[in-house]
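For reference, the chains in residue letters:
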Amino acid sequence: MASDRLLGRKASSDRLLSRKAIVTGAGSGIGAAVAARLRADGAQVFTADVKGDVDFVADLGADDANAALVEQAVKAMGGLDTVVPCAGISAFHPLEGHDDAYFRRVLDVNLFAVFRLVRDAVPHLKASGNGRVVTIGSTTSSYGDEGLCAYAASKHAVLGFTKSVAAELGPFGVTANCVQPGAIDTPMTAPAFTQMPEYRTFWENKAPLRRLGQPQDIADVVAFLCSDDARFMSGHGLFVDGGAMARH
Ligand SMILES: NC(=O)c1ccc[n+]([C@@H]2O[C@H](COP(=O)([O-])OP(=O)(O)OC[C@H]3O[C@@H](n4cnc5c(N)ncnc54)[C@H](O)[C@@H]3O)[C@@H](O)[C@H]2O)c1
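Residues numbered from 1 in each chain as written. Predicted model: local features only at pLDDT ≥ 70, side-chain atom pairs only at ≥ 80, totals over all residues. Heavy atoms only, no water.

S.K.: Residue-level account of the overall build of the protein, with values.
M.R.: When its secondary structure is counted, the protein shows eight helices and seven strands. Its C-alpha radius of gyration of 17 Å places the protein within 12% of the 18 Å reference for a compact globule of 248 residues. Across the 248 residues in the protein, those meeting the buried criterion constitute 47%. In the protein, the proportion of contacts linking residues at least 24 apart, taken out of those at least 6 apart, comes to 73%. Carbon and sulfur atoms make up 56% of the accessible area of the protein, which amounts to about 11,700 Å² in all. If the 24 positive side-chain charges of the protein are averaged to one point and the 27 negative ones to another, these points end up 6 Å apart. (Helix = DSSP H or I, 4+ residues; strand = E, 2+ residues; numbered from the N terminus. Rg over C-alpha atoms; globule rule 2.2 N^0.38 Å. Buried < 20%, exposed > 50% of the residue type's maximum accessible area, 1.4 Å probe, protein only. Contact = heavy atoms within 4.5 Å. Areas by Shrake-Rupley, 256 points an atom, 1.4 Å probe, with all protein chains shown as cover. Lys, Arg positive; Asp, Glu negative; His and termini not counted. Charge placed at Lys NZ, Arg CZ, Asp CG, Glu CD.)

This is the structure:
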């Protein structure tokens, strides 16, 4: 189909055969597309989310949820060499009057859950000899935006965290990269795009490719980063944004 070609969609491959991956946020949007893409490329995938049709249902912002997730995933797959934390939350809150509780919640889900998941996976990533960590940042890992102080703080931190993982685990053959999506059409962004059509148009026009991204656009890049083709790439933040950040 023409639309499949435009999205670069491939039916399947065996390039991730033998990979054993955890994907969080797999109940929706980008995480669901990542899980499907990794499976289509031959990986075993253990999925987690707070809701939806996944292998492990839990609030990953809670203290001990990620340790339990790693334990169950390793048991189910017989190992673990790939971690893709996609779970995340976002909402517009002006800085003036911003309450502590929501700021903390954003950090718990978008940052602490990523830190704990990768930390608890370290022994398995090291043992595999060619582990992969692919975090999901945002264009707001590099820039700020109105109403997004908590979200942007969490996503800046995820990028810095990922670079440090690359530095620390590189000697064990592990790569770590942070995919930074632009505006992607998912249930997270749907309310804003519906309530503010001008916001949707702004992002469509800002991208030289003149459209919003689809979850598949992100999933295909994640699958590449998990593959042997990306074996010498580590410590990067990669905008996957239709070129939006390349222009003013
Ligand atoms: N959509 C975009 O434009 C965009 C842009 C940049 C980055 N991102 C990032 O991509 C990732 C996926 O977002 P999406 O757009 O697919 O949104 P989405 O809302 O469709 O998916 C997010 C998933 O995370 C899950 N989740 C939320 N809180 C959780 C928790 N406490 N424990 C477990 N699971 C939880 C949700 O249930 C949901 O299934 C997020 O990290 C988001 O910040 C999205």
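Text resumes after the structure shown.
S.K.: An account of the state of the cysteines is requested, with residue identities and associated values reported.
M.R.: As enumerated under the stated definition, the model contains zero disulfides in all. In this structure Cys-149 is a free cysteine whose sulfur lies 19 Å from that of Cys-178, the closest cysteine sulfur available. (Disulfide = S-S within 2.5 Å.)

S.K.: Give me the environment of Gly-131: which residues, what numbers.
M.R.: Relative to the helices and strands, Gly-131 resides in the loop between α4 (100-128) and β5 (132-136). Given a relative accessible area of 0%, Gly-131 falls into the buried group. Measuring from C-alpha to C-alpha, the distance between Gly-131 and Tyr-102 comes to 33 Å, with 29 residues separating the pair along the chain. For Gly-131, the residues in contact, after removing those within four places along its chain, are Arg-19, Asp-81, Leu-125, Gly-173, Val-174 and Thr-175.

S.K.: Give a detailed account of the site of the ligand, specifying residues and quantitative values.
M.R.: The immediate surroundings of the ligand are formed by 31 residues, with Ser-28, Ile-30, Asp-49, Tyr-151 and Thr-186 found nearest. Between an oxygen atom of the ligand and a main-chain N or O atom of Cys-86, the distance comes to 3.0 Å. Within the side chain of Tyr-151, one N or O atom sits 2.6 Å away from an oxygen atom of the ligand. Contact with the protein chains covers 94% of the free accessible surface of the ligand, which is 820 Å². Listed by contribution, the elements that provide at least two residues to the shell around the ligand are α2 (29-40), α4 and α5 (149-169). Here the shell around the ligand is composed, by residue class, of 15 nonpolar, 11 polar and five charged. (Near = heavy atom within 4 Å. Polar contact = N/O pair within 3.5 Å; in protein donor to acceptor, adjacent residues only side chain to side chain. Nonpolar A, V, L, I, M, F, W, Y, C, P; charged D, E, K, R; others polar.)

S.K.: So what about the sheet that holds strand β3 (residues 56-57)? Which residues, and what values?
M.R.: On the basis of which strands lie adjacent, the open sheet formed by seven strands has the order β3-β2-β1-β4-β5-β6-β7 and parallel pairing. Because the sheet does not close on itself, it has two edges, and the strands there are β3 and β7 (237-240). Bridge count for strand β1 (residues 20-24) against strand β2 (residues 44-49) is five bridges, and the pairing is parallel. Its bridge partner lying in β2, Thr-24 is registered against Ala-48. Lying over the sheet, α4 contacts β1, β4 (82-85) and β5, oriented at roughly 175° with respect to β4. α5 rests against β5, β6 (175-181) and β7 of the sheet, and its axis sits at about 160° to β6. (Pairing = 2+ DSSP bridges. Axes fitted to C-alpha atoms, helices over the stretch in contact; angles between N-to-C directions.)

S.K.: How would you summarise the pairing of β2 if you had to cite specific residues and measurements?
M.R.: Side chains on a regular strand alternate between the two faces of the sheet. Extensive coverage of β2 is indicated by the burial of five of its six residues. What joins β1 to β2 is α2, and the crossover it makes is right-handed. As paired elements, β2 and β3 share two bridges and run parallel to each other. Paired with Ala-48 across the two strands is Phe-56, which belongs to β3. (Right-handed = clockwise from strand over helix to strand, strands pointing away.)

S.K.: An account of the pairing of β5 is needed here, citing residue identities and associated values.
M.R.: The element β5 is extensively covered by neighbouring structure, given that five of its five residues are classed as buried. By the bridge criterion, two bridges tie β4 to β5 in an arrangement that is parallel. Bridge assignment links Thr-82 to a residue of β5, and that residue is Arg-132. Read as a crossover between parallel neighbours, the route from β4 over α4 to β5 is right-handed. The sheet contact formed by β5 and β6 spans five bridges and is parallel. For Arg-132, the partnering residue across the bridge sits in β6 and is Thr-175.

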